Every structure is written in C-alpha cells, then in structure tokens.
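Coordinate analysis (summary)
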Amino acid sequence: QELRHGLCESRRGCEREAAHSARLSDELERHIASWRQTREALERQEAQSAGLQSELDDQLTSQHRALRQQDALYAELRSQQVLCRRLEFDAARRAVAEQG
C-alpha cells in the first residue's frame, strides 16, 4: 500500500509538472507570436522608411536641378542687364557726341 501511495504521489507530481510545462509552452508560444508581430511591424516600418528616403532623395535631386536652372537664368539675366547698360551708355555717349 505504501508503494501504491508513493506511485500515486509520483504520478500526481508528474501530472503537475506536465501541466506546468504545458502552461510555460503556451506562454512561450504567445511570446513568440508577439515577437513575430513586432518583427513584421518593424520590417514594414523599415520598408516604408526606405520608400520615404527614396522619395526625399528624388525631391532633393529635383530641387538641386531647379536651383541650377535658376542660377543659370539669373546669370543670363545679369548678362542681359550688363549688355543693356552698355547699350544705354553707348547711346548716351553718341547723343553727347552728336550734340557737341
């Protein structure tokens, strides 16, 4: 009878350990699922960030191109202003020469 009692106690101990192990396994599975969701969210954010970075790079390139075009137009405008002043100066000099 003592042997039987000991075996019952041992079996109950094993059952408790098995139940505890099952709870730990379930908890571990929940953590793994949570980590997977977190990893997937981070991967989506990284992809979105890369897309935004690419878009920003394109915008920056476009802005640099526009600035270079503005610089070229400004240089052309300054050149035309210098030419106009020379023509005005030459016309004024001719008018003075014709009067004198």
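Just so we're clear, the structure is a prediction, and the values are computed from it rather than from any experiment. (Residues numbered from 1 in each chain as written. Predicted model: local features only at pLDDT ≥ 70, side-chain atom pairs only at ≥ 80, totals over all residues. Heavy atoms only, no water.)

Let us now look at the overall build of the chain. Scanning the chain from N- to C-terminus turns up one helix and zero strands. A compact globule built from 100 residues would reach a C-alpha radius of gyration of about 13 Å, whereas the chain, at 43 Å, exceeds it by more than 25%. Taken along its principal axes, the extent of the C-alpha atoms in the chain is 145 × 15 × 10 Å. Of the roughly 9500 Å² of accessible surface on the chain, 53% is carried by carbon and sulfur atoms. Of the side chains in the chain, 16 bear a positive and 18 a negative charge, and the two mean positions are spaced by 1 Å. (Helix = DSSP H or I, 4+ residues; strand = E, 2+ residues; numbered from the N terminus. Rg over C-alpha atoms; globule rule 2.2 N^0.38 Å. Areas by Shrake-Rupley, 256 points an atom, 1.4 Å probe, with all protein chains shown as cover. Lys, Arg positive; Asp, Glu negative; His and termini not counted. Charge placed at Lys NZ, Arg CZ, Asp CG, Glu CD.)

What follows covers the pattern of salt bridges. One pass over the full model with this rule turns up three salt bridges. Taking the shortest distance from any N to any O, the salt bridge between Arg39 and Glu43 comes out at 3.6 Å. Of this pair, Arg39 and Glu43 both sit in helix α1 (residues 2–99), separated by four residues, roughly a single helical turn. Assessed through its relative accessible area of 47%, Arg39 is described here as partly exposed. On the basis of relative accessible area, Glu43 is assigned to the partly exposed category, the value being 43%. (Salt bridge = Lys/Arg side-chain N within 4 Å of Asp/Glu carboxyl O. Buried < 20%, exposed > 50% of the residue type's maximum accessible area, 1.4 Å probe, protein only.)

This paragraph deals with the environment of Glu76. Note on placement: Glu76 falls in helix α1. Residues Glu76 and Leu7 lie 69 residues apart in sequence; the distance between their C-alpha atoms is 102 Å.

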